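Structural overview
Listed below are the residues making up each chain.
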Amino acid sequence: MSQAAQRSGTFVWSLNDPTLLRTQAYIDGKWVDADSGETFPVYNPATHEVVAEVASVGAGETRRAIEAAEAARHAWAARSARERSDVLKKWNDLMLENLEDLAVIMTVEQGKILAESRGEVAYAASFIEWFAEEGKRVYGDVIPLAQTDRRGIVIKQPVGVCAAITPWNFPSAMLTRKAAPGLAVGCAMVCKPPQETPLSMTALAELAHRAGLPAGLLNVLPTSKASAVGDEMCSNPTVRKLTFTGSTGVGKLLTRQCADTMKRLSMELGGNAPVIVFEDADLDLAAAGAAAAKYRNSGQTCICANRIIVQDTIYDEFVEKLAALVGTYKVGSGLDESVTHGPVITRKALEDIKGLVDDAVERGATVVAGGDFGEGDSHLIEPTILCNVTDDMRVFNEEIFGPVAPIFKFSTEEEAIAMANDTEFGLASYLYSNDQGRCWRVAEAIDFGLVGVNETMISSELIPFGGVKESGVGREGSRYGIEEYLELKYICMGHLGQ
Ligand code: SIN
């Protein structure tokens, strides 16, 4: 360990390569301070200690990053897909070589346990590896036209400069899920990390630099003035696409702001995922799946189980099984390898989650496990289960984004489908049943972009991730995800003399 150990509460952390801890902005291949000299603190959510002071850039630096991206993108797009792929593969390799350091940085700024951080770094790298290959398979079409002396050709070209705004719950994977397909096809990226967790993104930019990614193609703009950077990204006509992961409210605002320059949009927004458990399900499997979907990342994923909807005949048995699993959990600092669940991101987030639980309890819900929200600066919430919940409570309609599992009751298949669909969101959904006919029927009847049948761990670089309704537009990952960074161009070759 070459760096002096740093203290995080009772946990000491250090990096094998301390130069991965970057606290400046990365613009046109250079590490720079904010023009104003301003910085903002990044906190460890487990201890509320300051991890680092990071440069806080504004509109001027954002404009310069966009100009650098525009200047760099043409030469990059003119390279062969194989050459671009070689650079991306080197980036992927460096991420895997530095996995432990990247995981420590993530845990210290985001709070998730080290095992989950390691998993996320590998998941983030998998998008780079996948799109490095997929970039070689951007094919066009030849259209058989009515005129015999003409040929119709469709080619695919990079969209151009793309802006990316990413969330704090997956600080690395949400960058690579956006930047890797863009870079693979010849776009240039201008990226804003979240204020809470900028250090994972700056570390990845450092590795992209070392991998030989030319200057200007990946720019990273940390800031505590999100609207200054966001407004410039949305209004600048050089930016041809905006890709965003975050809340539906902010997604709608950005969509409106991008309308004037008619940008391409990818929006991965909020969710309100149901987990439907039928009486014919394997209940041990269902309880384990629901627990994983609910409490992963302490309930802070867009695809977290938000409403567990259980058939009345097996309700009590299911609650017992889920409570037994929750009873084995240990909350604390993510750096403690014996901890299973870390803190939520801020005290404000904790207060919001508590507000949802208080509302449910006031309306008649009962807390059957957990329910302790700590005190003072702590962001630790005991994994919680709520029973006797009904659809007039806020927990039915709002995204909880914390480790609280409300368990609703249904009696018929039709009622379960209606309850699942009774939301403006449509990202992830899950169902448990051993009746194959029912699995197909229900999977086809529920209005969500992702359906897990007898499975809740459904994410990977290989699948089209995205939602319907107010959960967003577009898909990320998979062979479909690359299309979001490509424009179609029709070329008519006339008078061929035949
Ligand atoms: C998200 O919560 O937005 C991403 C979750 C995932 O990729 O599994």
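Residues numbered from 1 in each chain as written. Predicted model: local features only at pLDDT ≥ 70, side-chain atom pairs only at ≥ 80, totals over all residues. Heavy atoms only, no water.

Overview of the site of the ligand
The local shell around the ligand consists of Tyr-123, Asn-169, Phe-170, Met-174, Arg-177, Glu-268, Arg-296, Thr-301, Cys-302, Ile-303, Ser-459 and Phe-465. Here an oxygen atom of the ligand sits 3.1 Å away from a polar atom, N or O, in the side chain of Arg-177. Taking Cys-302, its main chain carries an N or O atom lying 2.7 Å from an oxygen atom of the ligand. Burial of the ligand by the protein amounts to 100% of the accessible area it has alone, namely 260 Å². Residues of the shell around the ligand, tallied by class, amount to six nonpolar, three polar and three charged. Looking at the shell around the ligand, you find at least three residues from each of domain 1 (6-269 + 473-488) and domain 2 (273-461). (Near = heavy atom within 4 Å. Polar contact = N/O pair within 3.5 Å; in protein donor to acceptor, adjacent residues only side chain to side chain. Areas by Shrake-Rupley, 256 points an atom, 1.4 Å probe, with all protein chains shown as cover. Nonpolar A, V, L, I, M, F, W, Y, C, P; charged D, E, K, R; others polar. Domains from an automatic or database assignment.)

A few points about the nonpolar core
Counting residues in each nonpolar core, the largest one holds 88 residues, and the members touching the most others are Trp-91, Met-95, Leu-183, Met-189 and Leu-218. Per-element accounting of this core gives the leading share, nine residues, to helix α4 (residues 114-134). Sequence-distant contacts of Trp-91, that is, excluding residues within four places in its chain, are made with Ile-128, Leu-183, Leu-204, Leu-207, Ala-208, Ala-211 and Leu-218. (Core = buried A, V, L, I, M, F, W, Y, C linked by side-chain atoms within 4.5 Å. Buried < 20%, exposed > 50% of the residue type's maximum accessible area, 1.4 Å probe, protein only. Helix = DSSP H or I, 4+ residues; strand = E, 2+ residues; numbered from the N terminus. Contact = heavy atoms within 4.5 Å.)

Observations regarding the pattern of salt bridges
Taken as a whole and judged by the stated rule, the model has 30 salt bridges. Between Lys-178 and Glu-476 there is a salt bridge whose closest N-O contact spans 2.7 Å. Linking Lys-178 in helix α5 (residues 173-185) with Glu-476 in the loop between β21 (472-473) and α15 (478-481), this pair joins segments that are 298 residues apart in sequence. Of the two residues, Lys-178 and Glu-476, neither departs from the other in class, the shared state being buried. Linking Glu-413 and Arg-438 is a salt bridge whose minimum nitrogen-to-oxygen distance equals 2.8 Å. One end of the pair, Glu-413, is in helix α13 (residues 413-421); the other, Arg-438, is in helix α14 (residues 436-445), and 25 residues separate them in sequence. Three or more residues joined by partner-sharing salt bridges are found here, namely Asp-17, Arg-22, Glu-206 and Arg-210. (Salt bridge = Lys/Arg side-chain N within 4 Å of Asp/Glu carboxyl O.)

Looking at the packing of α4 against α5
Axes are the key here: two packed helices are described by the angle between their axes and the distance separating the axes. As a packed pair, α4 and α5 sit with axes 8 Å apart at the nearest point and diverge in direction by 10°. The angle between α4 and α5 places the two elements in the roughly parallel class. Residues Glu-120, Tyr-123, Ala-124, Phe-127, Ile-128 and Phe-131 of α4 lie in contact with α5, whose contacting residues are Ala-173, Thr-176, Arg-177, Ala-180, Pro-181 and Ala-184. Among the residues making up the contact of α4 with α5, the classes are represented as nine nonpolar, one polar and two charged. (Axes fitted to C-alpha atoms, helices over the stretch in contact; angles between N-to-C directions. Parallel < 35°, antiparallel > 145°, perpendicular 65-115°, else oblique.)

Concerning helix α9 (residues 283-295)
For α9, built from 13 residues, the straight-helix expectation of 18 Å at 1.5 Å per residue is met to within 8% by its first-to-last C-alpha distance of 18 Å. Between the side-chain oxygen of the N-cap and the backbone nitrogen of Asp-284 there are 3.1 Å, and the N-cap of α9 in question is Asp-282. One or two positions beyond α9, positive phi appears at Asn-297, with a value near 55°. (Expected span 1.5 Å × (residues − 1).)

Things to note about helix α3 (residues 99-110)
Spanning 12 residues, α3 covers 16 Å between terminal C-alpha atoms, matching the ideal 16 Å at 1.5 Å per step. The element α3 is largely enclosed, with a buried count of 11 among its 12 residues. Buried residues of α3: Leu-99, Asp-101, Leu-102, Ala-103, Val-104, Ile-105, Met-106, Thr-107, Val-108, Glu-109 and Gln-110, and no others. In this structure, the buried residues of α3 make contact with β2 (11-13), β5 (39-43), β6 (50-55), α2 (81-97), α4 and α6 (199-210). Positive backbone phi, approximately 100°, marks Gly-111, located one or two places after α3.

Structural notes on the sheet that holds strand β17 (residues 384-387)
Here seven strands make up an open sheet; going across it, the order is β16-β17-β18-β15-β14-β19-β20 and the pairing mixed. Whereas interior strands pair on both sides, the edge strands pair on one side only; in this sheet they are β16 (366-369) and β20 (450-453). Within this sheet the neighbouring strands show an average axis-to-axis angle of 25°, counted without direction. Of the pairings in the sheet, the one linking β17 to strand β18 (residues 404-410) comprises three bridges and is parallel in character. Looking at the pairing, Thr-384 lines up with Val-404 of β18. Those strands touched by helix α10 (residues 315-326) are β14 (273-277), β15 (305-311), β16, β17 and β18, and its axis lies near 170° from that of β18. (Pairing = 2+ DSSP bridges.)

Considering the packing of helix α7 (residues 226-235) against helix α8 (residues 248-258)
Between α7 and α8, the shortest axis-to-axis distance is 8 Å and the interhelical angle comes to 45°. Relative to α8, the element α7 is oriented oblique. Crossing angle aside, the handedness with which α7 passes α8 is right-handed. Where α7 abuts α8, its residues Gly-230, Asp-231 and Cys-234 lie against Leu-254, Gln-257 and Cys-258. Tallied by class, the residues present in the contact of α7 with α8 amount to three nonpolar, two polar and one charged. (Left-handed = near helix turned anticlockwise from the far one by under 90°.)

Some details on the domain arrangement of the chain
Domains assigned within the chain are domain 1 (6-269 + 473-488) and domain 2 (273-461). Relative to domain 2, the C-alpha centre of domain 1 lies at a distance of 30 Å. Counting each side, the surface lost to burial between domain 1 and domain 2 is near 2,400 Å², with a carbon and sulfur contribution of 62%. Looking at the side of domain 1 facing domain 2, the largest losses of area belong to Phe-11, Ile-113 and Trp-168, adding up to 22% of the total buried there. Seen at the junction of domain 1 and domain 2, the total is one salt bridge. In this structure, the salt-bridge partner of Glu-337 is Arg-118, at a minimum N-O distance of 2.9 Å. The interface formed by domain 1 and domain 2 contains nine residue pairs in polar contact (both at pLDDT 80 or more). Mapped onto the side of domain 1 that touches domain 2, the elements with two or more residues apiece are β2, α3 and α4. Within the side of domain 1 that touches domain 2, the residues separate by chemical class into 13 nonpolar, 11 polar and seven charged. (Buried area = accessible area lost by both parts, 1.4 Å probe.)

Thoughts on the pairing of β15
When you tally the buried positions in β15, you get seven out of seven residues, the bulk of the element. Bridge analysis of β14 against β15 gives five bridges, and the strand direction is parallel. Bridge assignment links Ile-276 to a residue of β15, and that residue is Ile-309. Following the chain from β14 across α9 to the adjacent parallel β15, one finds a crossover that is right-handed. Bridge count for β15 against β18 is four bridges, and the pairing is parallel. Counterpart to Ile-309 in the pairing with β18 is Phe-408. (Right-handed = clockwise from strand over helix to strand, strands pointing away.)

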